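# Structural overview
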Amino acid sequence: MMIYLRLFYEFFKTGLFAVGGGMATIPFLYNMADATGWFTRMDVDNMIAVGESTPGPIGVNMATYVGYLTGGNAGGLPFAVLGAVVATLGLITPSIIVILIIASFLKSFRDNRYVDSAFYGLRPASTGLIAAAGLSVVVSNLFFADALKDGFSLAVFNWKGWALAIVLWVLTNRVRQTKKLHPILFILASAVVGILWGM
(Lines give C-alpha, C1' and ligand atoms only; values in the text may rest on other atoms or scores of the structure.)
Protein backbone atom coordinates (compact mmCIF):
# COMPACT_ATOMS: atom_id res chain seq x y z
CA MET A 1 0.00 0.00 0.00
CA MET A 2 2.86 2.39 0.81
CA ILE A 3 4.30 2.04 -2.69
CA TYR A 4 1.04 3.36 -4.19
CA LEU A 5 0.93 6.33 -1.81
CA ARG A 6 4.55 7.09 -2.71
CA LEU A 7 3.76 6.79 -6.43
CA PHE A 8 0.84 9.18 -6.08
CA TYR A 9 2.92 11.63 -4.01
CA GLU A 10 5.91 11.65 -6.39
CA PHE A 11 3.77 12.19 -9.47
CA PHE A 12 1.56 14.72 -7.69
CA LYS A 13 4.70 16.79 -7.03
CA THR A 14 5.72 16.40 -10.66
CA GLY A 15 2.29 17.43 -11.92
CA LEU A 16 2.21 20.39 -9.54
CA PHE A 17 5.52 21.92 -10.65
CA ALA A 18 6.01 20.73 -14.24
CA VAL A 19 4.57 23.84 -15.86
CA GLY A 20 4.79 23.84 -19.64
CA GLY A 21 3.53 20.43 -20.68
CA GLY A 22 4.80 16.87 -20.79
CA MET A 23 8.39 17.67 -21.75
CA ALA A 24 8.69 19.75 -18.58
CA THR A 25 8.19 16.56 -16.54
CA ILE A 26 11.48 15.08 -17.77
CA PRO A 27 13.82 16.82 -15.28
CA PHE A 28 11.49 15.68 -12.49
CA LEU A 29 11.64 12.10 -13.80
CA TYR A 30 15.45 12.17 -13.81
CA ASN A 31 15.32 13.39 -10.22
CA MET A 32 12.74 10.69 -9.35
CA ALA A 33 15.00 8.03 -10.88
CA ASP A 34 17.85 9.12 -8.60
CA ALA A 35 15.68 9.49 -5.50
CA THR A 36 13.55 6.34 -5.68
CA GLY A 37 15.53 3.78 -7.70
CA TRP A 38 12.31 2.68 -9.44
CA PHE A 39 13.98 3.15 -12.82
CA THR A 40 17.26 4.41 -14.27
CA ARG A 41 18.09 7.51 -16.27
CA MET A 42 18.45 5.26 -19.32
CA ASP A 43 14.91 4.04 -18.67
CA VAL A 44 13.77 7.69 -18.80
CA ASP A 45 15.42 8.06 -22.21
CA ASN A 46 13.65 4.92 -23.42
CA MET A 47 10.35 6.19 -21.99
CA ILE A 48 10.82 9.46 -23.90
CA ALA A 49 11.41 7.57 -27.15
CA VAL A 50 8.36 5.35 -26.64
CA GLY A 51 6.22 8.17 -25.19
CA GLU A 52 6.94 10.45 -28.15
CA SER A 53 6.03 7.73 -30.64
CA THR A 54 2.73 6.71 -28.99
CA PRO A 55 -0.58 8.62 -28.90
CA GLY A 56 -1.29 10.84 -25.91
CA PRO A 57 0.60 13.39 -23.82
CA ILE A 58 4.17 12.31 -23.05
CA GLY A 59 3.96 13.16 -19.34
CA VAL A 60 0.88 10.99 -18.85
CA ASN A 61 2.37 8.18 -20.92
CA MET A 62 5.53 8.22 -18.81
CA ALA A 63 3.62 8.35 -15.50
CA THR A 64 1.50 5.41 -16.60
CA TYR A 65 4.56 3.42 -17.64
CA VAL A 66 6.48 4.11 -14.41
CA GLY A 67 3.42 3.24 -12.34
CA TYR A 68 2.97 0.03 -14.32
CA LEU A 69 6.60 -1.01 -13.79
CA THR A 70 6.67 -0.07 -10.12
CA GLY A 71 3.30 -1.64 -9.34
CA GLY A 72 4.29 -4.74 -11.30
CA ASN A 73 7.35 -5.14 -9.08
CA ALA A 74 4.93 -5.36 -6.15
CA GLY A 75 3.42 -8.49 -7.67
CA GLY A 76 1.77 -9.25 -10.99
CA LEU A 77 -0.55 -7.69 -13.53
CA PRO A 78 -3.33 -6.39 -11.22
CA PHE A 79 -0.74 -4.53 -9.12
CA ALA A 80 0.92 -3.18 -12.27
CA VAL A 81 -2.40 -1.81 -13.56
CA LEU A 82 -3.15 -0.29 -10.15
CA GLY A 83 0.30 1.34 -10.13
CA ALA A 84 -0.30 2.78 -13.61
CA VAL A 85 -3.67 4.24 -12.55
CA VAL A 86 -2.31 5.69 -9.28
CA ALA A 87 0.72 7.33 -10.94
CA THR A 88 -1.40 8.78 -13.73
CA LEU A 89 -3.94 10.16 -11.25
CA GLY A 90 -1.10 11.64 -9.22
CA LEU A 91 0.22 13.48 -12.27
CA ILE A 92 -3.10 14.88 -13.49
CA THR A 93 -4.69 15.74 -10.12
CA PRO A 94 -2.85 19.08 -9.65
CA SER A 95 -3.95 20.23 -13.12
CA ILE A 96 -7.55 19.28 -12.40
CA ILE A 97 -7.48 21.16 -9.08
CA VAL A 98 -5.96 24.28 -10.68
CA ILE A 99 -8.45 24.18 -13.58
CA LEU A 100 -11.40 23.86 -11.17
CA ILE A 101 -10.13 26.78 -9.07
CA ILE A 102 -9.54 28.95 -12.13
CA ALA A 103 -12.91 28.02 -13.62
CA SER A 104 -14.68 29.03 -10.42
CA PHE A 105 -12.97 32.44 -10.41
CA LEU A 106 -12.62 32.87 -14.16
CA LYS A 107 -14.29 36.23 -14.40
CA SER A 108 -12.08 37.85 -11.77
CA PHE A 109 -8.94 36.07 -13.04
CA ARG A 110 -9.49 37.10 -16.63
CA ASP A 111 -8.53 40.75 -16.07
CA ASN A 112 -6.31 40.34 -12.99
CA ARG A 113 -2.91 41.90 -13.67
CA TYR A 114 -1.23 39.79 -10.97
CA VAL A 115 -2.39 36.56 -12.59
CA ASP A 116 -1.30 37.88 -15.97
CA SER A 117 2.11 38.79 -14.53
CA ALA A 118 2.44 35.35 -12.88
CA PHE A 119 1.82 33.59 -16.19
CA TYR A 120 4.27 35.94 -17.88
CA GLY A 121 6.89 34.92 -15.29
CA LEU A 122 6.11 31.21 -15.73
CA ARG A 123 6.96 31.29 -19.44
CA PRO A 124 10.75 31.48 -19.01
CA ALA A 125 10.62 28.86 -16.24
CA SER A 126 8.75 26.37 -18.43
CA THR A 127 11.05 27.19 -21.36
CA GLY A 128 14.06 26.48 -19.15
CA LEU A 129 12.60 23.16 -17.95
CA ILE A 130 11.91 22.04 -21.52
CA ALA A 131 15.37 23.17 -22.69
CA ALA A 132 17.01 21.30 -19.79
CA ALA A 133 15.02 18.18 -20.66
CA GLY A 134 16.06 18.42 -24.31
CA LEU A 135 19.71 18.92 -23.39
CA SER A 136 19.62 15.93 -21.02
CA VAL A 137 18.17 13.73 -23.76
CA VAL A 138 20.77 14.90 -26.28
CA VAL A 139 23.69 14.35 -23.89
CA SER A 140 22.48 10.92 -22.75
CA ASN A 141 22.00 9.73 -26.35
CA LEU A 142 25.10 11.21 -27.98
CA PHE A 143 27.61 10.71 -25.15
CA PHE A 144 28.42 7.98 -22.66
CA ALA A 145 27.85 9.60 -19.26
CA ASP A 146 30.10 7.11 -17.43
CA ALA A 147 33.02 7.85 -19.77
CA LEU A 148 32.54 11.62 -19.26
CA LYS A 149 33.50 11.20 -15.60
CA ASP A 150 37.01 10.14 -16.67
CA GLY A 151 37.51 13.25 -18.80
CA PHE A 152 36.75 14.22 -22.36
CA SER A 153 38.09 11.87 -25.06
CA LEU A 154 36.87 10.03 -28.14
CA ALA A 155 35.56 7.28 -25.86
CA VAL A 156 32.75 9.56 -24.61
CA PHE A 157 31.06 9.77 -28.02
CA ASN A 158 28.21 7.38 -28.77
CA TRP A 159 29.09 6.99 -32.44
CA LYS A 160 25.89 5.10 -33.27
CA GLY A 161 23.82 7.91 -31.77
CA TRP A 162 25.80 10.55 -33.68
CA ALA A 163 25.47 8.62 -36.96
CA LEU A 164 21.70 8.26 -36.54
CA ALA A 165 21.28 11.92 -35.54
CA ILE A 166 23.30 13.15 -38.53
CA VAL A 167 21.46 10.89 -41.01
CA LEU A 168 18.09 12.03 -39.60
CA TRP A 169 19.11 15.69 -39.76
CA VAL A 170 20.24 15.34 -43.38
CA LEU A 171 17.07 13.45 -44.39
CA THR A 172 14.74 15.93 -42.66
CA ASN A 173 16.55 19.13 -43.66
CA ARG A 174 18.67 18.64 -46.78
CA VAL A 175 17.20 15.89 -48.98
CA ARG A 176 14.26 17.33 -50.89
CA GLN A 177 12.58 13.95 -51.46
CA THR A 178 12.53 12.98 -47.77
CA LYS A 179 12.17 16.23 -45.87
CA LYS A 180 8.41 16.39 -46.49
CA LEU A 181 7.77 12.84 -45.30
CA HIS A 182 5.60 12.40 -42.21
CA PRO A 183 7.59 12.39 -38.92
CA ILE A 184 6.12 9.02 -37.90
CA LEU A 185 8.13 7.41 -40.71
CA PHE A 186 11.36 8.75 -39.22
CA ILE A 187 10.30 7.61 -35.74
CA LEU A 188 9.57 4.09 -37.02
CA ALA A 189 12.80 3.95 -39.02
CA SER A 190 14.78 5.14 -35.96
CA ALA A 191 13.13 2.46 -33.82
CA VAL A 192 14.11 -0.23 -36.34
CA VAL A 193 17.70 1.07 -36.52
CA GLY A 194 17.89 1.20 -32.71
CA ILE A 195 16.73 -2.42 -32.47
CA LEU A 196 19.13 -3.61 -35.18
CA TRP A 197 22.09 -1.68 -33.77
CA GLY A 198 21.24 -2.54 -30.18
CA MET A 199 21.25 1.12 -29.11
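Only a predicted model underlies this, so the values are computations on that prediction, with no experimental measurement involved.

Scoring rules and cut-offs
- Residues numbered from 1 in each chain as written.
- Predicted model: local features only at pLDDT ≥ 70, side-chain atom pairs only at ≥ 80, totals over all residues.
- Heavy atoms only, no water.
- Patch = residues over 30% accessible without salt bridge, like charges linked within 9 Å, V, L, I, M, F, W, Y side chains within 5 Å.
- Areas by Shrake-Rupley, 256 points an atom, 1.4 Å probe, with all protein chains shown as cover.
- Salt bridge = Lys/Arg side-chain N within 4 Å of Asp/Glu carboxyl O.
- Lys, Arg positive; Asp, Glu negative; His and termini not counted.
- Charge placed at Lys NZ, Arg CZ, Asp CG, Glu CD.
- Helix = DSSP H or I, 4+ residues; strand = E, 2+ residues; numbered from the N terminus.
- Buried < 20%, exposed > 50% of the residue type's maximum accessible area, 1.4 Å probe, protein only.
- Contact = heavy atoms within 4.5 Å.
- 1 Å grid on protein atoms, 1.4 Å probe; cavity = no way out; pocket = protein on both sides within 12 Å on 5 of 7 lines; lining within 4 Å.
- Points joined across faces, edges and corners; volume = space filled by probe spheres on them.
- Nonpolar A, V, L, I, M, F, W, Y, C, P; charged D, E, K, R; others polar.
- Axes fitted to C-alpha atoms, helices over the stretch in contact; angles between N-to-C directions.
- Parallel < 35°, antiparallel > 145°, perpendicular 65-115°, else oblique.
- Left-handed = near helix turned anticlockwise from the far one by under 90°.

## Details of a positive patch on the surface
On the surface, a cluster of positive charge is contributed by Arg-174, Arg-176, Lys-179 and Lys-180. Within the secondary structure, Arg-176 sits in the loop between helix H9 (159-173) and helix H10 (183-197). For Arg-176, a relative accessible area of 69% corresponds to the exposed category.

## Considerations on a nonpolar patch on the surface
Side chains of Phe-8, Tyr-65, Tyr-68, Leu-69, Leu-77, Val-81, Val-85 and Leu-89 sit close together on the surface and give an oily, nonpolar patch of about 680 Å² of accessible area. Every element with two or more residues in the nonpolar patch is listed here: helix H4 (58-73) and helix H5 (76-104). Mapped onto the elements of the fold, Val-85 is located in helix H5.

## Let's talk about the environment of Val-156
Here Val-156 lies in the loop between helix H8 (145-148) and H9. Separated by 17 residues in the primary sequence, Val-156 and Asn-173 place their C-alpha atoms 27 Å from one another. Contact partners of Val-156, with chain neighbours within four places excluded, come to Leu-142, Phe-143, Phe-144, Ala-147, Leu-148 and Gly-151.

## Let's talk about the layout of surface pockets
Over the atoms rolls a probe the size of a water molecule, and its path tells where empty space is left. The space that makes up the second largest pocket amounts to roughly 580 Å³. Lining the second largest pocket are 25 residues, and of these Gly-15, Leu-16, Ala-18, Val-19 and Ser-95 lie nearest its centre. Counting residues per element, the ones that place at least two in the lining of the second largest pocket are helix H1 (2-17), H4, H5 and helix H7 (113-142). By residue number, the principal contributor to the lining of the second largest pocket is H5, which donates 8 residues. Its residues assigned to classes, the lining of the second largest pocket shows 17 nonpolar, 8 polar and no charged.

## What about the environment of Tyr-9?
Along the chain, the position of Tyr-9 falls in helix H1. Sequence separation between Tyr-9 and Leu-91 is 82 residues; the distance between their C-alpha atoms is 8.9 Å.

## Points about the pattern of salt bridges
Considering all chains together, one arrives at 3 salt bridges under this definition. Ionic pairing is found between Arg-6 and Glu-10, a salt bridge with its closest N-O pair at 3.0 Å. Taken together, the positions of Arg-6 and Glu-10, both in helix H1 and 4 residues apart, correspond to about one turn of that helix. Residues Glu-10 and Lys-13 are paired through a salt bridge, measuring 3.5 Å at the closest nitrogen-oxygen approach. Linking Glu-10 with Lys-13, this pair stays in helix H1, spanning 3 residues, or about one helical turn. Relative accessible area serves as the criterion here: at 8%, Glu-10 is assigned to the buried category. Note on Lys-13: relative accessible area 31%, which makes it partly exposed.

## Concerning the packing of H1 against H4
Taken N-terminus to C-terminus, the directions of H1 and H4 make an angle of 160°; their axes are 11 Å apart at the nearest point. When the axes of H1 and H4 are compared, the pair comes out roughly antiparallel. The way H1 lies across H4 gives a crossing that is right-handed. For the pair H1 and H4, contact is made by Ile-3, Tyr-4, Leu-7 and Phe-11 and by Ala-63, Val-66, Gly-67, Thr-70 and Gly-71, respectively. Residues of the contact of H1 with H4, tallied by class, amount to 6 nonpolar, 3 polar and no charged.

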